[in-house]
Every structure is written in structure tokens, then in C-alpha cells.
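Single-letter residue listing:
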Amino acid sequence: MASVGEERKRRNELRRELIGKFPRDRSSLLPALHYLQETFSFLPDWGIEVLGWHLGVPSSEVYGAATTYTELSLSIPSHKTVIVCDGVACREKGAIQILEFLKEKNIDGVEIKTTDCAFMCSVAPAVSVGHTWYGRQVPDNSLAELIEG
Amino acid sequence: MDTEKFLDSIISKHQKHDSEVLVQISQCSLAVGAEGIFNSLKERLPDDISVDYSGCDGACFVAPKIHYEKDIGHYLEDISVVNSADSVVRDYIDSQTRIVLENAGTMSASGIYGYLRSRGFSALGRALEQSPEEIVDLIEGSGLKGRGGAYFPVSVKWRSALSVNSQERHLVVNAEEGEPGVFKDRHVMESVPFRLIEGALIAAYATRCTSIRLYVNAEAHLSFNRMQKALDICRAEGFLGSKIMGTDFTIEIEIMKGAGGYVCGEESTLLNTIEGKRREPRLRPPFPTESGLNQQPTIINNVETLCNLPWIILNGSDEFRKIGDIDTPGTKIISLSGSVSTPGVVEVPMGSNLQDLVIKFGDVSNIDDLSGIAIGGPSSGVITSSAAANLSIGPGFIDGKSVMLGAGGVIALSKETDVLQVVRKLSEYNANESCGKCTPCREGTQRLLEMMGTGPKGAPTDWTGLGSLAEVINAASLCGLGQAAGNPVLSYNTYFQ
């Protein structure tokens, strides 16, 4: 836990950064949320509060807007995340087999998620490892190595 | 200074490199190693051959690809890459009708000169020498309709916004491509970013807009970066900002990123997210053309729609009307995927036969080997491959019942695929993406899923009940997502029951 002094310091620092980057207008909300997410890899609650102060928007409303977006996350990403696209097009090319393979492999410290479409249907099936997408994947050891590496 | 002289002065500043190698880097090709090829070519090619990148030309099935005019074959010996001039690629592309994707893949996407040399920005120049009314009349004459999925006549939308007396008027470029199975706007932005900028500027000039926002899907990072770079170049070269192309026309394009969610592509939701509000649709009327962004008249046009404008200005509305369907002239970009041998992006005339399209561009030898075709994503549905023989691509319900082309996603389903599972998947998507504002959509989509069961053996029994619930969801929801959320079930009822 940060001490009260440290807590105040980091809030002030963030506030100064936000003042420098985003005009005090509600239309800055989404770009500023993106900035928070890029900086902390999630939206910490104190960051939401600071953003609310800066924009003059109640933090409940900042929270309300933030939670409607699927790309924004309110919790710390704990594991290495692998995303398997299991949309209709990727399923045609074997996404389900990839999911089954990864489930069976059960690689340590890796969280397997799915998405409804990665928009890479023309190079299906697509798998994302550490924010990079890989197309035309097959359920074999090279995929496991890619994830472990 | 007239705009032609302006263009000449810019082109003459830049000497064309005799031998240029373009590595086609798009979201699709990045996922199959295009960047590695770009880096290794940079390393091994001699200094007199420049290496640059373009977007994907649409033949994604053989990606990664490179485009070059001079023979550099011996440098490529151990690199596995396809030349974009190979017959397999040429056949695929040359049998299309390309307006929006003209020169995609064979023109640099990192700099403006490739685009300028292929008559880029001369349409804007010509437009700026005419009055805005003349441009609106021309577009009305061309019969251009929106390509985002609703196919609303562009000139009607424009005139509606123009009829509102206001100091401010906004143009929003909808690049929030979020329909599963559709990846065409990404291809457009990644391969011809300057065409989109030119189209947006023409639209803004014609409709006397005071600001332009470009709203890009949150996951389309490459499209975002490429558009941002193209905007910077345009600003530096006098195609954006004050006194565009030496005329009195002054406007900026502001780029922003969405944050995920299918409903964000719905126009009033998109406006809410720009204003920093919750991601949910607004009540209509008032329509955005009367009261949109910050309560000012706002025109929202899709990427593909705007990219048609330069061509229409240069070639005239009569030429445009010669392409495609009499009621819906022009082309449509189809995102083709699923169980086809050659998935990719295909631009064909409106009115093209759906089955022919899948056979020809998907390289499907026996159409009866497909159990069905999913068209238009979760807002539409599935049809049998034989039913596709009588359908052509166009606006609205292409079968008169429950299947829409939407933004143009076509996914072929193999014989092994259980079509009911596909319908479940599409309905599940609608249920997950429902923003929760309207009860029929929020509760109805969940109930649809429950009634459909989960396991392959749990096939639903009450198809009449499912059908009427789907109809209620469609009839009683506010936005496009809800109004189409019942379609997958309805289409299954029509074609597979």
C-alpha cells in the first residue's frame, strides 16, 4: 500500500499529466481513458477519480462510461493472456480444435480467452499472444512453443 | 494558384525511384509474417532499390506478398513470399471492378506520391473549383448509397444536414468496423489511406462542414497508425488544414479511437462515445443530420462510401451509373472468408450473383459441398448454398425475408459445420453485445439463447416460439443491433427448417 503522502503525490502527478494532454471537456473522456489504460495497462480506481476531477465529470459517470467499453479493463491483467478467435470464420478453419489443444496442454501461467472476431478472417484461424496476432495457426507444438516463448 | 498547378508543384518535388519494392503489410499480412520479410529485404537489397510498404491488395490467401517492377528474384531465394504480379493474384484482382480499392497494394501507403501519381487529389482539386451545390447534385445524379450496411442515399443524408441552419456542421467518418466477418474498411485504410482523406474532404466541402472526425475501431491499430501518418503528411503538403490546395477551403480532420463494442458502429452510439457519454444509442428523431454531435447537424458516412467520391468526380455520375445495379450503382467490397480456398477482399459490381461470387472468388469447386453461407454477420443470417443461386448483392433484405448483405461479410460454411451452431454463435454475439438499453433486446436475446439450448443434441423444439420472439426483438428495439438481433434465428427458420 502506498502511504498517504505517496498516494497524494501520484494523484497530483497524473492530474498534471492529464491537464497537459487533454482539454477540460467531456469529449476528452474516451481518449483520456485510453491514455490511462496505456499507462497502467488497466484503469485503476484512483485514476478514474483523478480523470473525473480534471474533466469535471463525476467519477461515477466516468466509471459508468468506462465499463461499457469492451477494450477497457478495470482489473490488473494477472496472467499472460492468449486470445483465440472463435468467430464463425475461424471456427471453419479449426479454432475449436485450437481451443481444445490449448486446454489439454494447460500451459502454466497462461490465461486462454476467446473473442468473437479478430477481423483476420482471411488468414483464419487467428491467435493472439502478448498483443500480437498470428494467422493460419494449427494446433501443434509450434503454437505451444510460440505461447511458452 | 489553381489546384492543378498546386498538384504539379508537389509531384515535381519528388523524383520517382526507378526500382521500388513494396512489401504488402496489412493487418492480415502482419499476422503471417510480412514484417519479417520487410526487415530482411531492407537488410539484403542494395541501396539503389528502395523498400517501402503498401497495404494488402485483397488477395489475402497468398499473403505475405511483395510488389516489384524490376527483377529482384535472386535476392528472394530463401524467402517465402508471393509476387503480387503472379497470375494467381492477378486473376483474382483483375476480375474484380475496382473503384475504392484501385491500385491497392501496388501503391505506397507510407507516402503521398504514389497516390498523387495515380491522379490522387485531382478530384478534390476539381471539386474545389466548383460550388458545393454542384458536387451534391453530381453525387445525387450518381445514385451513390451508403456502404456501411444501410444503403441510405448519400445525397439525401447530405441535403438533410444542409437544410438545417447552423454555424457548425460536422462530418464523422465511421471507421468503427465491428461486424464479425468484415475486414474491408481496414483494408481500405491500410492500402489507400489518402483516398479516404480525399473523399472525406470532398464530402466536407460539398456539405459545408466545419469539422471532420475520423473514428477508427479500437482494435484496428494498424489502420489507426496509417491514417494518422497520412493525415500528418497531408497537413505538411497542404492538403489539410488552412488553404487546402491553395484555395480558401480550410478544415481539419481529427482522428480518434473507439474502445470496443459492436454497437459503437451504430451512428448515434458513435456520437455518444465521441461526446464522452455511455456507449448506448440515442432516441431518434431527431436524426443526427438535424441534431448530432454536440446537438449540431452531423453527417456520418462510412469509409467505403467516401472512397467512392473521388472516382465519381473524376469520371462523372453517368460512368458510375454504368457499374452495378440500376437502383444501386457502383461496387461493393465483399469480405470473403470461411470454407473457401481463396479468402480475401473482393470489390464487385452491385447486383452480382451471390453464388457465382462464392464459387469464382472463393475457388469453391462444388458449391453443394457447403452446408450454407453466413451473410452479413450477426445482423443477418444463414442461407443454403443453393438459395444463394437466386440472390444478388444489394441493399435491404436480399431475399425479401431475413438475410441482409450488411457491410458485406460472406462466410462459407463447410459440410461438417452444424448450421444451428453458427446461428447460436451469431445470436450469442448479439446477446453479449446488447448494450442493455432496450428490454426486448437485453432480455430477448438472452431468452433466444436459452430457448435454443446449448449442446449439439439440445436442438430447440419450439421453433414457432423462437420465431415470434425474434420478430418481437426486431420490432421493439431502438437501434440497428436490436432491430436485427432476431435475424439469425429467422433466417434459420426460413432456410433450414
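Rules and cut-offs
- Along each chain, the written sequence defines residue order, and numbers are assigned to residues from 1.
- Each chain takes a letter, starting from A, and each ligand takes a number, starting from 1, following the order in which they are written.
- Residue-level local features of this predicted model are given only where pLDDT is at least 70; pairs of side-chain atoms are given and counted only at 80 or more, and the full residue set underlies all totals for whole chains, interfaces and linings.
- Helix and strand assignments come from DSSP, with helices taken as H or I runs of at least 4 residues and strands as E runs of at least 2, each series counted from the N terminus.
- Using C-alpha atoms as the atom set, the radius of gyration is obtained and then compared with a globule rule of 2.2 Å times the number of residues to the power 0.38.
- Three exposure classes are used, based on other C-beta atoms lying within 10 Å of a residue's own C-beta, which is placed from the backbone: buried for 20 or more, exposed for 12 or fewer, and partly exposed in between.
- Any pair of residues counts as being in contact when their C-beta atoms, constructed from backbone geometry, are within 7 Å of one another.
- A pair of strands is labelled paired if DSSP reports no fewer than 2 bridges between them.
- Lines fitted to the C-alpha atoms define the axes, with helices restricted to the stretch that makes contact. Angles between their N-to-C directions range from 0 to 180 degrees.
- How far each domain reaches was decided by an automatic or database domain assignment.
- Per-residue confidence from the predictor is given as pLDDT, running between 0 and 100.
- Following the grouping adopted for this structure description, the nonpolar residues are Ala, Val, Leu, Ile, Met, Phe, Trp, Tyr, Cys and Pro, the charged ones are Asp, Glu, Lys and Arg, and the polar ones are all others, Gly among them.
- Should an angle fall under 35 degrees it is called roughly parallel, over 145 degrees roughly antiparallel, and 65 to 115 degrees roughly perpendicular, with every other angle called oblique.
- Here a nonpolar core is just a set of buried residues of the types Ala, Val, Leu, Ile, Met, Phe, Trp, Tyr and Cys, joined wherever their C-beta atoms sit within 7 Å.

**As for the overall build of chain B**
Logical step 1: Counting secondary structure elements, chain B contains 20 helices and 13 strands.
Logical step 2: The C-alpha atoms of chain B give 23 Å as radius of gyration, which agrees with the globular expectation for 497 residues (23 Å, within 12%).
Logical step 3: When the backbone C-alpha atoms are referred to their principal axes, chain B occupies close to 70 × 60 × 40 Å.
Logical step 4: Residues counted as buried form 58% of the 497 residues belonging to chain B.
Logical step 5: Put simply, 72% of the contacts in chain B that link residues at least 6 apart link residues at least 24 apart.

**What about the overall build of chain A?**
Logical step 1: Along the backbone of chain A there are seven helices and four strands.
Logical step 2: Here chain A has a C-alpha radius of gyration of 19 Å; the compact-globule value for 149 residues is 15 Å, and the former is much larger.
Logical step 3: By its C-alpha atoms, chain A is 50 × 35 × 25 Å across when sized along the principal axes.
Logical step 4: By residue count, 34% of the 149 residues in chain A fall in the buried class.
Logical step 5: Long-range contacts, defined as pairs at least 24 residues apart, comprise 61% of the intrachain contacts of chain A with a sequence gap of at least 6.

**Regarding the environment of Ala32 of chain A**
Residues and elements named next belong to chain A.
Logical step 1: Structurally, Ala32 is set in helix α2 (residues 29-40).
Logical step 2: Separated by 81 residues in the primary sequence, Ala32 and Lys113 place their C-alpha atoms 26 Å from one another.
Logical step 3: Setting aside residues up to four positions removed in sequence, Ala32 forms contacts with Leu18, Phe22 and Leu51.

**A word on the sheet that holds strand β5 (residues 170-175) of chain B**
The pairing of strands in a sheet happens through backbone hydrogen bonds and is either parallel or antiparallel.
All names here are of chain B.
Logical step 1: Strand order in the open sheet formed by four strands is β7-β6-β5-β8, with parallel pairing between adjacent strands. Both outer strands of the open sheet, β7 (253-257) and β8 (298-302), are each paired with one neighbouring strand and no more. Each strand axis lies, on average, 20° off the axis of its neighbour in the sheet, ignoring direction.
Logical step 2: Bridging between strand β6 (residues 211-216) and β7 involves five bridges; their strand directions are parallel. From the neighbouring strand, Arg213 faces β7, where its bridge partner is Glu254.

**A word on the domain arrangement of chain B**
All names here are of chain B.
Logical step 1: Taken as a whole, chain B is organised into domain 1 (117-315), domain 2 (331-414) and domain 3 (421-496).
Logical step 2: Using C-alpha coordinates to define each centre, domain 2 is positioned 22 Å away from domain 3.
Logical step 3: Facing the 13 residues of domain 2 at the interface are 14 residues of domain 3.
Logical step 4: Counting residues per element, the side of domain 2 that touches domain 3 draws most heavily on strand β12 (residues 381-383), which supplies three residues.

**A look at helix α15 (residues 354-362) of chain B**
The periodicity of an α-helix, 3.6 residues per turn, causes residues three or four places apart in sequence to face the same way.
Residue and element names in this part refer to chain B.
Logical step 1: Among the nine residues of α15, seven are classified as buried, and the element is accordingly described as predominantly covered.
Logical step 2: Of all the positions in α15, only Leu354, Gln355, Leu357, Val358, Ile359, Phe361 and Gly362 are classed as buried.
Logical step 3: On its buried face, α15 sits against α4 (87-94), β9 (331-338), β10 (344-349), β11 (370-375) and β13 (409-414).
Logical step 4: Trailing α15 by a residue or two, Asp363 shows a phi angle of about 55°, which is positive.

**Re the confidence of the model for chain A**
Logical step 1: Looking at chain A, pLDDT values average 93 and 99% of them are 70 or higher.
Logical step 2: Per-element confidence in chain A is highest for helix α5 (residues 88-92) of chain A, whose mean pLDDT is 97, and lowest for strand β2 (residues 110-115) of chain A, whose mean pLDDT is 92.

**Topic: the interface of chain A and chain B**
Logical step 1: The partner chain B presents 40 residues to the 32 residues of chain A that form the contact.
Logical step 2: Going through the elements one at a time, α2, α4 (59-66), α5 and β4 (132-134) of chain A are the ones with two or more residues in the side of chain A that touches chain B.
Logical step 3: Partitioning the side of chain A that touches chain B into residue classes produces 18 nonpolar, nine polar and five charged.

**Some details on the pairing of β13 of chain B**
Residues and elements named next belong to chain B.
Logical step 1: Here β13 lies mainly inside the structure; five of its six residues are buried.
Logical step 2: Here β9 pairs with β13 via four bridges, running parallel. Paired with Gly338 across the strands is Ala412, a residue of β13.
Logical step 3: Sheet topology note: the β11/β13 ladder contains five bridges and is antiparallel. When the sheet's bridge partners are listed, Leu370 is paired in β13 with Ser414.

**Concerning the domain arrangement of chain A**
Logical step 1: By domain assignment, chain A separates into domain 1 (4-66) and domain 2 (80-148).
Logical step 2: In this structure, domain 1 of chain A and domain 2 of chain A have C-alpha centres spaced 34 Å apart.

**Observations regarding unusual backbone geometry**
Residues and elements named next belong to chain B.
Logical step 1: Of note, the amide linkage connecting Arg284 to Pro285 takes the cis form, showing an omega dihedral of -5°.
Logical step 2: Mapped onto the fold, Pro285 is located in the loop between α12 (267-274) and β8.
Logical step 3: Cis geometry is found at the peptide bond from Pro285 to Pro286, where omega equals 0°.
Logical step 4: By the secondary structure assignment, Pro286 is in the loop between α12 and β8.

**Regarding the confidence of the model for chain B**
Logical step 1: Looking at chain B, the pLDDT average stands at 94 and 98% of residues meet or exceed 70.
Logical step 2: Interface scoring of the predicted complex returns ipTM 0.94; its pTM is 0.96.

**Observations regarding the packing of helix α7 (residues 132-142) of chain B against helix α8 (residues 154-162) of chain B**
Two numbers describe a pair of packed helices, the interaxial angle and the distance between the axes.
Residue and element names in this part refer to chain B.
Logical step 1: It is the contact of α7 with α8, at a shortest axis distance of 8 Å, that shows an interaxial angle of 150°. Comparing the axis directions of α7 and α8 gives the class roughly antiparallel. Every residue of α8 that contacts α7 at Val136, Ile139 and Glu140 is listed here: Val154, Ser155, Trp158 and Arg159.
Logical step 2: Of the residues contributing to the contact of α7 with α8, the split by class is four nonpolar, one polar and two charged.

**Describing the sheet that holds strand β3 (residues 127-129) of chain A**
Residues and elements named next belong to chain A.
Logical step 1: Read from one edge of the open sheet, four strands run β2-β1-β3-β4, paired in mixed fashion. With partners counted over all chains shown, the strands left at the sheet margins are β2 and β4, one partner each. Each adjacent strand pair in this sheet contributes to an overall mean axis angle of 25°, direction not counted.
Logical step 2: Lying over the sheet, helix α6 (residues 95-105) contacts β1 (80-85), β2 and β3, oriented at roughly 150° with respect to β1.
Logical step 3: Across the face of the sheet, helix α7 (residues 141-148) comes into contact with β1, β2, β3 and β4 while running at roughly 30° to β3.

**Topic: the environment of Phe496 of chain B**
Logical step 1: Of note, Phe496 of chain B is situated in helix α20 (residues 487-496).
Logical step 2: Note: C-alpha distance between Phe496 of chain B and Gly330 of chain B (166 residues apart in sequence) is 32 Å.

**Some remarks on the packing of helix α9 (residues 184-191) of chain B against helix α13 (residues 303-315) of chain B**
All names here are of chain B.
Logical step 1: It is the contact of α9 with α13, at a shortest axis distance of 9 Å, that shows an interaxial angle of 45°. Taken together, the axis directions place α9 and α13 in an arrangement best described as oblique. Of α13, the residues touching α9 (which contributes Lys184, Asp185, Val188 and Met189) are Val303, Glu304 and Cys307.
Logical step 2: Grouping the constituent residues of the contact of α9 with α13 by class yields four nonpolar, no polar and three charged.

**Overview of the nonpolar core**
Logical step 1: One finds Met120 and Ala126 of chain A together with Val23, Val173, Ala200, Ile202 and Ile373 of chain B to be the most contacted residues of the largest nonpolar core, which totals 172 residues.
Logical step 2: With 10 residues, helix α10 (residues 193-206) of chain B is the single largest residue contributor to this core.
Logical step 3: Not counting chain neighbours up to four residues away, the residues in contact with Met120 of chain A comprise Cys85, Ala126, Trp133 and Gly135 of chain A together with Gln27, Cys28 and Ala31 of chain B.

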